[in-house]
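Geometric and topological summary
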Number of protein chains: 2
Amino acid sequence: MSASGPAFRAEYACSEACGFRTSLWEVIYRCPRCGSLLEVAHDLEALRAVPAAEWKRRFEARFGQARLPHASGVWGKHEWVCPELPAEDIVSLGEGRVPLKPLPRMAKALGLGSLELKECGVSPTGSFKDWGMTVLVSAVKHLRARGVPLRAVACASTGDTSAALAAYCAAAGIPSVVFLPRDKVSLAQLVQPIANGARVLSLDTDFDGCMKLVQQVTEDRGLYLANSMNSLRIEGQKVVAFELAQDLGWEVPDWVVIPGGNLGNASALGKGFQMLHAMGLISRLPRLAVAQAQRANPLVRSFRGGFSELEPMKAERTLASAIQIGNPVSFKRAVRMLRAFDGVVEEATESELANAAARADREGTFTCPHTGVALAAVEKLVAQKVIAPGASVAVVATAHGLKFADFKVGYHRGTLADVESLRANPPLELPAELGAVREALASLGEGGP
Amino acid sequence: MSASGPAFRAEYACSEACGFRTSLWEVIYRCPRCGSLLEVAHDLEALRAVPAAEWKRRFEARFGQARLPHASGVWGKHEWVCPELPAEDIVSLGEGRVPLKPLPRMAKALGLGSLELKECGVSPTGSFKDWGMTVLVSAVKHLRARGVPLRAVACASTGDTSAALAAYCAAAGIPSVVFLPRDKVSLAQLVQPIANGARVLSLDTDFDGCMKLVQQVTEDRGLYLANSMNSLRIEGQKVVAFELAQDLGWEVPDWVVIPGGNLGNASALGKGFQMLHAMGLISRLPRLAVAQAQRANPLVRSFRGGFSELEPMKAERTLASAIQIGNPVSFKRAVRMLRAFDGVVEEATESELANAAARADREGTFTCPHTGVALAAVEKLVAQKVIAPGASVAVVATAHGLKFADFKVGYHRGTLADVESLRANPPLELPAELGAVREALASLGEGGP
């Protein structure tokens, strides 16, 4: 796995290009000069010393690795992710290498050339957060190996991030801490970090109060901050773009559609495609569409104003709870990416997201509500002819529907607020008689499933 | 992917060796001569025309396939699974190729050389049933392509089997039917097949009544029966053994431990290792241990009597609900396998299974209760010195814990009946003050996570 030949390097750089750069092995989250987010900058010249065809060959050969930590879609691209991290410090649960699931019936009905789901939820902790967290926790393991006195890793999150943080830390034997607002989060939402042994702090405040406290506590540098301003996670998330291109034989679809809340994921995806393009592994860029819940749509509002300044809003309660964010931390990065990718932004109502999720499920997947937002955006962008007839479209499915069983149950019972369940499939109640059963099955196979 | 060179063949044979054989493309579930289960018999002589080293090379090369349907751990072993099924009839969701997750701390504490979980729940529908269902539904697609008038596929199941059946049928566009006892199954248990568009029949009877009706209805041969007496599923399930050996560089661990209910999975695993051994890809067989819940332990009782005749029992309610089976359909096959593998059988109480599951979770996995049964059996077999110090042990983890969130919540709340939650990790309630938070974190990193 380790790099042979030239030495590959990456370092932190200010995302607003103020000129600040420093080592990845500094414990730092923002530019000390201008306060902007940092990003990881790779030495592309060194990477280009290896021809594109050779990178493809290496990536393909590694895709079939059987043993952890190398049996990972992320670490098969080690040199493009975190080149100086020693292989022995990798903390992997086998993330990545997820199916690209075609939805041929939905594609046909929409008049698309293809519609496919990159199933990032078929993953150890059930969400796409695993792709980034493996990089962050591996870096922490390496920092500790270098003698940096990090006692634990902390985040404030009610969902997928804390689940991924706790699982990777548990695998590495590194303590993790999750900050949560008391009485605002159910034990069911927390059961993954609890089971994985995180120290879960239930605090007498709201989510913003938790965020403020976790930032204060991590100022002591003995606690490492895992929230999404940490740009190491972006390096893992961007591998979704690499893997999507690899799935398609080093081609890209016409459109890639992704749900957006804090907008780090949209930034990561764009960064991945840009890197593939700069390195010559793909010959064109896809167009990007970011999909938001109508009830938490600050990027939609900005887009409608020609990417006007972010106006933070109060996000309202939505089924797409993980993107219920009114003041996205990666707004600037995401707008830059959307401009670079001739991108668009669309929104989905509660009914639209729930019905789009149910539509995809009929083809054998089990979508989360956020993926429903992205699929509803596809339907709307096709209707508006922004996505042209015959186009190829890939949607990034961000979590497994098993994390949202209540959403599914409510949809098929028809009890979700503000949702008209157009595709509810309730059980048929029957007496236990052969004749009644045969009758109920008589129409099967006539109109498809 | 398609076989080159010799023609590989497989057919149905009576599992009790009465001599009956017939084509895999017959719609048949039991031996018409003696009523025994059927099994799929491969032409090993034809397969042996390809040297073992060449099979290893092919299997390794295919492991990195990126596109469905070939991006599947099952169909990468096509010739060994269902050689005459045309590639165009494969129905795959990207099953298999799951992580082998080491539990180094638990291994060390038990004095084992290694303890690893084959994470079969990191799968499209969240359980190991995907491995077998891809074969069954692909065969149905092929039968339909051959003109066999199969209108739908049916099963009686409250859990993983109906979820897998519905998902694979939805992907293939083939109608599926699930038979269930009314008022005995919650919508949450059913939400996967409902979402995937199965026709779910809620019948005014118990589970045995459903099983009887599904068998009656599928006698008309227009409905195909997907329950576990269907031996096509075994052909997919056995690939877990292939993949485990491949993960370990074509070696086997000293012990493989698996939870057992209907016992089809234990039979499949044994069949897989026997095939690897007969084909020269591994040089020795592992020992097998089957683990049952104490409340549903007919195989344990037989084992204690020197593999005495099966005495069907009434299985009592257990957290390990998928193996709450008192009259296992694959009993004879499983006993034959256990004898061939110098196998043992162990049981776990409710407390033992729940605490063993929680112990593994602390290393970054998220176990289902059935995997907890298997892990508890490992603890007990080590204590009894049946599993020797220093041994290498692999446990087949059968489902993702996300399917059992209530089990996890109940454990960490301490509210599960008959379970003493020794490893509960409840949240810490704190005021939103920096000092209090710092104090709560002061001990972090001193005793591990």
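Rules behind the numbers
Residues numbered from 1 in each chain as written. Chains lettered and ligands numbered in written order. Predicted model: local features only at pLDDT ≥ 70, side-chain atom pairs only at ≥ 80, totals over all residues. Heavy atoms only, no water. Buried < 20%, exposed > 50% of the residue type's maximum accessible area, 1.4 Å probe, protein only. Helix = DSSP H or I, 4+ residues; strand = E, 2+ residues; numbered from the N terminus. Arc of directions from axis to C-beta. Contact = heavy atoms within 4.5 Å. UniProt positions renumbered as here; feature names shortened; annotations may be inferred. Axes fitted to C-alpha atoms, helices over the stretch in contact; angles between N-to-C directions. Parallel < 35°, antiparallel > 145°, perpendicular 65-115°, else oblique. Left-handed = near helix turned anticlockwise from the far one by under 90°. Nonpolar A, V, L, I, M, F, W, Y, C, P; charged D, E, K, R; others polar. Pairing = 2+ DSSP bridges. Least-squares fit on C-alpha atoms with pLDDT ≥ 70 in both. Phe/Tyr/Trp six-rings, centres within 6.5 Å; stacked < 30°, edge-to-face > 60°. Buried area = accessible area lost by both parts, 1.4 Å probe. Salt bridge = Lys/Arg side-chain N within 4 Å of Asp/Glu carboxyl O.

Our next topic: helix 2 (residues 52-62) of chain B. Residue and element names in this part refer to chain B. Taken as a whole, helix 2 has its buried residues at Trp55, Arg58, Phe59 and Arg62. Projected down its long axis, helix 2 shows its buried positions confined to an angular sector of 95 degrees, all on one face. Exposed side chains of helix 2 directed beyond 90 degrees from the buried face belong to Ala53 and Ala61. Where the residues of helix 2 are buried, they touch helix 1 (44-48), helix 3 (78-81) and helix 10 (239-247).

Let us now look at the UniProt feature "domain: Tryptophan synthase beta chain-like PALP" (unreviewed entry) in chain A. As annotated by UniProt and renumbered to match this structure, "domain: Tryptophan synthase beta chain-like PALP" (unreviewed entry) occupies residues 91-398 of chain A. Across residues 91-398 of chain A, helical content stands at 43% and strand content at 17%; the span's end C-alpha atoms are separated by 21 Å.

All names here are of chain A. Helix 6 (residues 160-172) packs onto helix 5 (residues 129-145) with a crossing angle of 45 degrees between their chain directions and a minimal axis gap of 9 Å. In this view, helix 5 runs oblique relative to helix 6, as classed from their interaxial angle. The chirality of how helix 5 crosses helix 6 is right-handed. Judged by residue contacts, Lys129, Asp130, Met133, Thr134 and Val137 of helix 5 engage Asp160, Thr161, Ala164, Leu165, Tyr168, Cys169 and Ala172 from helix 6. Partitioned by chemical class, the residues of the contact of helix 5 with helix 6 number seven nonpolar, two polar and three charged.

Next up on the list: the sheet that holds strand 10 (residues 255-259) of chain B. Residues and elements named next belong to chain B. Pairing in this open sheet of six strands is mixed, and the strands run 4-5-13-10-11-12 from one edge to the other. Strand pairing shows two members of the sheet lacking a second neighbour, strand 4 (100-102) and strand 12 (344-348), which therefore form its edges. Mean inter-strand twist for the sheet, computed between neighbouring axes without regard to direction, equals 25 degrees. Of the strands in this sheet, strand 4, strand 5 (114-119), strand 10 and strand 13 (392-397) touch helix 10, which is tilted by about 135 degrees from strand 5. Running over the sheet, helix 11 (residues 264-278) touches strand 10, strand 11 (287-293) and strand 13 and is turned about 155 degrees from strand 10.

For the rest of this paragraph, the subject is the relation of the copies chain B and chain A. When chain B is fitted to chain A, the residual RMSD is 0.0 Å, and the transformation amounts to a turn of 180 degrees plus an axial shift of 0.0 Å. Those values place the two copies in the arrangement expected of a two-fold rotation axis. Looking at the rotation axis and the C-alpha trace of chain B, the residue lying nearest is Gly64 of chain B, at 1.8 Å. Both copies present the same face, since 100% of the interface residues in chain B are matched by interface residues at the equivalent positions in chain A.

A few words now on the environment of Pro83 of chain A. All names here are of chain A. Tracing the chain through its elements places Pro83 in the loop between helix 3 (78-81) and strand 4 (100-102). Sequence-wise, Pro83 and Val185 are 102 residues apart; in three dimensions their C-alpha atoms are separated by 38 Å. Look past the residues within four positions of Pro83 in its chain and what remains in contact with it is Phe8, Arg9, Ala10, His42 and His78.

Counting across every chain of the model gives 18 aromatic pairs over all chains. Ring plane angle 80 degrees and centroid distance 5.2 Å describe the contact between Phe59 of chain B and Trp80 of chain B, whose orientation is recorded as edge-to-face. Here the residue Phe59 of chain B occupies a position in helix 2, and Trp80 of chain B occupies one in helix 3, the gap between them amounting to 21 residues. As far as burial versus exposure is concerned, Phe59 of chain B and Trp80 of chain B are alike and both buried. By the ring-pair criterion, three or more aromatic residues cluster together here, those being Phe8, Trp55, Phe59, Trp80, Phe242 and Trp250 of chain A.

On to the interface of chain B and chain A. A common measure of how large an interface is: the accessible area buried when the components associate. Contact residues are listed per partner, giving 88 residues for chain B and 89 residues for chain A. Taken together, the two surfaces of chain B and chain A that pack against each other cover about 7500 Å², and 64% of this comes from carbon and sulfur. Contact with chain A buries area across many residues of chain B, yet Arg199, Leu402 and Leu444 of chain B alone supply 9% of it, more than any other trio. At the junction of chain B and chain A, the tally comes to four salt bridges. With a shortest N-O distance of 3.1 Å, Arg182 of chain A and Glu429 of chain B are connected by a salt bridge.

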